[in-house]
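Breakdown of the fold
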Number of protein chains: 2
Amino acid sequence: MNNILDKLAIHTITTKPWSAEECITKYSAAGVSGITFWRYNFETSSPRDLGNQARDAGLEVVSLARGGFFPAETQLGRQTAIDDNHRAIDEAFEAGAPSLVLVCGALAEQSLEKSRGQIQDGIAACIEHAQQAGVILAIEPLHPMYAETRSAINSMQQAAQLCQSLDNHPNVGIACDVYHTWWDPTLEKEIEHAAKAGNLTAFHICDWITPTTDLLNDRALMGEGCIELKKISAAVMEAGFKGHHEVEIFSNRWWGSDQDQYLSAIIHSFNNIQK
Amino acid sequence: MNNILDKLAIHTITTKPWSAEECITKYSAAGVSGITFWRYNFETSSPRDLGNQARDAGLEVVSLARGGFFPAETQLGRQTAIDDNHRAIDEAFEAGAPSLVLVCGALAEQSLEKSRGQIQDGIAACIEHAQQAGVILAIEPLHPMYAETRSAINSMQQAAQLCQSLDNHPNVGIACDVYHTWWDPTLEKEIEHAAKAGNLTAFHICDWITPTTDLLNDRALMGEGCIELKKISAAVMEAGFKGHHEVEIFSNRWWGSDQDQYLSAIIHSFNNIQK
C-alpha cells in the first residue's frame, strides 16, 4: 500500500450521528479506504445495498460488527444467540464483508468458566455456516473491565487458546483491539503468535484517555491518550498483518462534536501514527 | 483457626467515615481479628499509638496501605517516591505491621515498559530498608483499567515475574486482590505458583458490581457482585495461605450508609463465603 490512507478503515459507530449512507459518502470523500458496518445500519438499508454503495464509492467493506453474546442461562437463550449469529453471518455475506467481529458475551450471574464454555460451543455452532458464507468469525478479546457483561474472553492469549480449541479452523480469527489489550505485557508476543497461526484477522485502533469517566463510551481518538499506537501498529505490521487498521471509537464527547471536523481529526491522527 | 472471624481483617478505608480509633473499637467489638491501617490514619495519631491501641483491643495489625507509586518523569521525582516509601516502611514498623502494600504506580505520559522498569528499580531501592524493618513489600497487581494511572503491574503473573527479577527476596511478596484479578483465567494457577514460591503474602476481598459506574469508588461488598469468592478463597487456602482475608472496599455508596450496619453486613457476607 503506497498511500497511508489505503489501510485506514472506520467503523460507522465511530461517527454515530451519521447515517450509513453519510458515512460512506464522507469517508470516501476523505480518502478513507475501508468501512466496517454495524448491524444497526441495516435497520434502514439492506446489507446488500449498503455493501454495494460502499464499493461504488471506492470503499472496501472490511467487517461487520458484531456477533457474539453466546452465554445465556437457558438452552433456549443460547440457541437464540446462535440463530442471531447465523443471521449476522448472512448479513456479513450480503454486505460483502469477509469478517464478523465477535464480542463473545458474559453473564454476571454465572461463572467465567461456564461462560467461556458456552462461548466455545456457540462459536462451534456457527463455524459451518460461516464457512459456507466465506465469513471469518473474529474473536475480539475485550478489556477485563467487561469480563462479566460483554466478554469473558479478555486477552489475546485466551483468544488464541479459543482458536486452538476450535481446531484452528480457517473461519475463526482474532480481532486485536488496542483499547482492550494495550496494557498486556504479552501483547506483542501474542500478536506475533496470532499472526504466525494465521489467526490475526482484524486490528482496531483508538486510545485510552485519563481519566476514563465512562466504562463504555469514553474512548479517545488516537493520540489523545496513553496507548503506544506506533509501537503496537508496527508490531502488527511486522507480524505480517496486511489488513486495514480500523478506527473504532465510542465517545459521547466526540459524538457530540462536529462530525466533519472529527473525521479530519481521525485522518490527521492516523497519519501521525504511521509517521 | 477455629472461628471464621479469626481470619477476617478489614482495611480502615473500608469504613472511611470512621476515625482509626473508631475502626479499632468497632472492629474489635464485632469480633473481627485483624486491621489494616491506611497512611491517612497517621495524620491524626502516630503509627505506634494506633498499633498499640489495635493490639490492646485484640486486633492484629495485618498490613499498612500503601506505598508504591514509583514511576516519575524525573530522577528527583523517583527519589522522592523512594524516600516516601522508606517513610512508609518506618510507619509500618512503628505500627507493628509486618507488611506494606505497594500500589506500584504508572504514568500516562510514558511507556508501560519504562514505568515497569522504574517500579522494579524503586522496589529494589527499598528492599534493604524493608529488611532492616522486618517489613514485607507486597506488590499488588492492579486491574488493567488502572494501568496508566495507578499500576503498570496488572496481573499475578507480572507480579511473580517482578518478584523473580528482585531475586525472590524474602522481603518482597504479592498482595492478591480479587477486585483486580478475578477475571484472569490463570488466577488460580498463579495463586498456587505465588504460594509455592513463598510470595503470596496478602489476600484482599470485595466484589465487582454490575454496572460499575465509577472506576475508583464503586467496589461492592462480597456477595453483591460476580466475583467467585468462594472458589478464589478456597484456592488461596488450598495453596497454603494462612494469613488474614482483608476486606478492602472503596465505595461511595457504602461510605454514605450507616457504618455500623455496614460492618454487620461485612461480617455476614464474610461468613457466607466461608460456608
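Residues numbered from 1 in each chain as written. Chains lettered and ligands numbered in written order. Predicted model: local features only at pLDDT ≥ 70, side-chain atom pairs only at ≥ 80, totals over all residues.

Some points on the overall build of chain A
- The helix and strand tally for chain A stands at 10 helices and 10 strands.
- Computed over its C-alpha atoms, the radius of gyration of chain A comes to 17 Å, within 12% of the 19 Å expected for a compact globule of 275 residues.
- The C-alpha extent of chain A, read off along each of the three principal axes, is 45 × 40 × 35 Å.
- Residue pairs at least 24 apart in sequence account for 78% of intrachain contacts in chain A once pairs closer than 6 positions are excluded. (Helix = DSSP H or I, 4+ residues; strand = E, 2+ residues; numbered from the N terminus. Rg over C-alpha atoms; globule rule 2.2 N^0.38 Å. Contact = placed C-beta atoms within 7 Å.)

Comments concerning the sheet that holds strand β7 (residues 200-205) of chain B
Residue and element names in this part refer to chain B.
- Taken together, 8 strands build a closed barrel; the order of strands is β1-β2-β3-β4-β5-β6-β7-β10 and the barrel is parallel. With direction set aside, neighbouring strand axes in the sheet form an average angle of 30°.
- Taken together, the 3 bridges between strand β5 (residues 136-139) and strand β6 (residues 172-177) define a ladder with parallel strand orientation. Bridging across to β6, Ala-138 finds its partner in Gly-173. (Pairing = 2+ DSSP bridges. Axes fitted to C-alpha atoms, helices over the stretch in contact; angles between N-to-C directions.)

What about the confidence of the model for chain A?
- Counting all residues, the mean pLDDT for chain A is 97, and 99% of those residues have values of 70 or more.
- Model confidence for the complex: the whole-complex pTM is 0.96, and ipTM, which rates the interface, is 0.95. (pLDDT = per-residue confidence, 0-100.)

Examining helix α7 (residues 187-196) of chain A
All names here are of chain A.
- Of the residues making up α7, those classed as buried are Leu-187, Glu-190, Ile-191, Ala-194 and Ala-195. Here the buried residues of α7 occupy an arc of 135° about the axis, which is enough to place them on one side.
- Where the residues of α7 are buried, they touch α5 (156-165), β6 (172-177), α6 (178-181), β7 (200-205) and α8 (229-238).
- After α7 finishes, the residue Gly-198 shows a positive phi value of roughly 75°. (Buried ≥ 20, exposed ≤ 12 C-beta atoms within 10 Å, placed from the backbone. Arc of directions from axis to C-beta.)

A closer look at the interface of chain A and chain B
- With 19 residues of chain A at the contact, the number on the chain B side is 19 residues.
- Split by residue class, the side of chain A that touches chain B holds 10 nonpolar, 7 polar and 2 charged. (Nonpolar A, V, L, I, M, F, W, Y, C, P; charged D, E, K, R; others polar.)

Description of the pairing of strand β4 (residues 99-103) of chain A
Residues and elements named next belong to chain A.
- Within β4, 5 of the 5 residues are buried, which leaves it mostly tucked inside the rest of the structure.
- Alternating residues of β4 divide into Ser-99, Val-101 and Val-103 and Leu-100 and Leu-102, and every residue in both groups is buried.
- Here 4 bridges tie strand β3 (residues 60-68) to β4, and the two strands are oriented parallel to one another. Considered in β4, the bridge of Gly-68 is made with Val-103.

What about the sheet that holds β6 of chain A?
Residues and elements named next belong to chain A.
- Spatially, the 8 strands close up into a barrel ordered β1-β2-β3-β4-β5-β6-β7-β10, and their pairing is parallel. When strand polarity is set aside, the average angle formed by the axes of neighbouring strands in this sheet is 30°.
- The sheet contacts of helix α3 (residues 75-95) involve β2 (34-38), β3 and β4, and relative to β3 the element is tilted by about 175°.

Comments concerning unusual backbone geometry
All names here are of chain B.
- The step from Ala-65 to Arg-66 runs through a cis peptide bond, and the omega angle for that step is 5°.
- Mapping Arg-66 onto the fold places it in strand β3 (residues 60-68).
- Here the amide bond leading from Thr-210 into Pro-211 is cis, since omega sits at -5°, within 30 degrees of zero.
- For Phe-69, which is not glycine, the phi torsion reads 50° and is therefore positive.
- The residue Phe-69 is located in the loop between β3 and α3 (75-95) in this model.
- For Phe-69, a count of 22 C-beta atoms within 10 Å corresponds to the buried category.
- Positive phi, close to 60°, is recorded for Asp-167, a residue that is not glycine.
- Here Asp-167 shows up in the loop between α5 (156-165) and β6.
- Overall, Asp-167 belongs to the exposed group, with 10 C-beta atoms counted inside 10 Å.

Focus: the pairing of strand β2 (residues 34-38) of chain B
All names here are of chain B.
- Within β2, 4 of the 5 residues are buried, which leaves the element mostly enclosed by the surrounding structure.
- Across 3 bridges, the pairing between strand β1 (residues 8-11) and β2 is parallel. Considered in β2, the bridge of Ala-9 is made with Gly-34.
- In this fold, β1 hands off to helix α1 (residues 20-30), which returns the chain to β2; that crossover is right-handed.
- Strand direction decides the pairing type here: β2 and β3, joined by 5 bridges, are parallel. Among the inter-strand pairings, Ile-35 is bridged to a residue of β3, identified as Val-61.
- In the classification by handedness, the crossover that spans β2, the intervening helix α2 (residues 47-56) and the parallel β3 is right-handed. (Right-handed = clockwise from strand over helix to strand, strands pointing away.)

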